[in-house]
Amino acid sequence: MRHLLSTDGLDPATALAILDTADGLKRTLLGREVRKLPTLRGRTVITMFYENSTRTRVSFEIAGKWMSADVVNVSAGGSSVSKGESLRDTALTLAAAGADCVIVRHPASGAAHRIAGWLAAAGTSVVNAGDGTHEHPTQALLDAATLRDRLGRIDGRRVAIVGDVLHSRVARSNVHLLTSLGAEVVLVAPPTLLPVGVADWPVGAAGSLRVSHELDPELPTLDAVMMLRVQAERMHGGFFPSAREYAIAYGLGEARARMLPKHAVVLHPGPMLRGMEIAAAVADSPRAAITDQVANGVHVRMAVLYHLLAGEEDNS
Ligand code: CP
């Protein structure tokens, strides 16, 4: 694997290999006082974030450090981007400075793909840490790792992805990955928060995708429910429906959570809008795997760096 840009087209065998590596790393580090492996000693990883982040950025930095890579963090505001430097020139500069891997978050869909093209000759790997409303592949991988932990398997499991699908890169990456691993995915959202053509999104042959506007009838049938963040920063024309209408129709309150089967897991990629997307009592309940998702994020991102920079596959 040379880059990780999307889960659309990610071979299920490669995805499972990453999940297995993450699981192995987690077991290796469990209970250790010093969580440091020598695997990526001498390698340089640069995170380049043009949008804010807590989970993705911190977990990539920890992942690199636990693998002994040299990790450098660059933000758009603190770099020459603020002086007008282009994305291409910034990417070429980071590669020329010695980056073996550039991890990029950008508000424009397709930015990571463009960077991978520009860095083809440099041999630098690129990881998409979220591009606009397009994809967030490592989020989907850590969600899959969490579902495997909690449910034992993904194949045949029924997963609802609920809320602001229109602006969600998490939803798109999860649809591709979870269906390719055999899950039955249902997207639940009001018509105003669904992208045009969503029913035609590429779906893995092993799974299935359907769309619903009603959450309540889905709940008793689910193995997992993934609540999405409402992305107000991408709603330039205002938020529709209102926050109150959204919470009433789609928020995962305590009464709704009681409609789920006992074994069903609650996920949220974060950051959460408690009280609107999800009740605090549900987010903090034992069935919620939200902090597990964050912890798995470190191991999954270690595994991604391993497969990109230390794996034995053909990197051509
Ligand atoms: N889930 C996620 O991408 O969170 P951050 O924006 O905090 O990285």
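Because the structure is predicted, anything quoted here is derived from the model rather than measured.

A. Spatial organisation of the environment of Ser 285. By secondary structure assignment, the location of Ser 285 is in the loop between α9 (280-283) and α10 (290-309). Taking the C-alpha atoms as reference, Ser 285 lies 18 Å from Pro 220; in sequence the two are 65 residues apart.

B. Spotlight on helix α4 (residues 111-118). Burial in α4 covers these residues: Ala 111, Ala 112, Ile 115 and Ala 116. Angular distribution of buried residues about the axis of α4 spans 140 degrees; they occupy a single face of the element. On the buried face of α4, the contacting elements are α3 (87-96), β3 (101-106) and β4 (125-131).

C. Representation of the UniProt feature "binding site: L-aspartate" (unreviewed entry) in the chain in the model. What UniProt calls "binding site: L-aspartate" (unreviewed entry) maps, in this numbering, to Lys 83, Arg 169 and Arg 229. For the annotated residues, spread through 147 residues, the largest C-alpha to C-alpha distance comes to 31.6 Å, inconsistent with a single compact locus. Examined against the element boundaries, Arg 169 turns out to sit in helix α6 (residues 169-180). The class of Arg 169 is buried, set by 24 C-beta atoms lying within 10 Å. For Arg 169, the contacting residues outside a window of four places in its chain are Gly 130, Asp 131, Gly 132, Thr 133, His 134, Glu 135 and His 136. Mapping Arg 229 onto the fold places it in the loop between β8 (224-227) and α7 (243-250). Of the residues examined, Arg 229 has 19 C-beta atoms within 10 Å and is grouped as partly exposed. With residues up to four places along the chain from it excluded, the contact list for Arg 229 reads Asp 164, Pro 269, Pro 271, Leu 273 and Glu 277.

D. Broad picture of the packing of helix α2 (residues 55-66) against α10. Their axes nearest at 8 Å, the elements α2 and α10 cross at an angle of 55 degrees. In terms of orientation, α2 lies oblique with respect to α10. Regarding α2 and α10, the two cross each other, and that crossing is right-handed. Touching Arg 55, Ser 59, Phe 60, Ile 62, Ala 63, Gly 64 and Trp 66 of α2 are Val 294, Gly 297, Val 298, Arg 301, Met 302 and Leu 305, all from α10. For the contact of α2 with α10, the class distribution of residues is eight nonpolar, three polar and two charged.

E. Summary view of the environment of Leu 147. Mapped onto the secondary structure, Leu 147 falls in helix α5 (residues 137-151). For the pair Leu 147 and Ala 289, spaced 142 residues apart in sequence, the C-alpha to C-alpha distance is 8.7 Å.

The rules behind the values
Residues numbered from 1 in each chain as written. Predicted model: local features only at pLDDT ≥ 70, side-chain atom pairs only at ≥ 80, totals over all residues. Helix = DSSP H or I, 4+ residues; strand = E, 2+ residues; numbered from the N terminus. Buried ≥ 20, exposed ≤ 12 C-beta atoms within 10 Å, placed from the backbone. Arc of directions from axis to C-beta. Contact = placed C-beta atoms within 7 Å. UniProt positions renumbered as here; feature names shortened; annotations may be inferred. Axes fitted to C-alpha atoms, helices over the stretch in contact; angles between N-to-C directions. Parallel < 35°, antiparallel > 145°, perpendicular 65-115°, else oblique. Left-handed = near helix turned anticlockwise from the far one by under 90°. Nonpolar A, V, L, I, M, F, W, Y, C, P; charged D, E, K, R; others polar.

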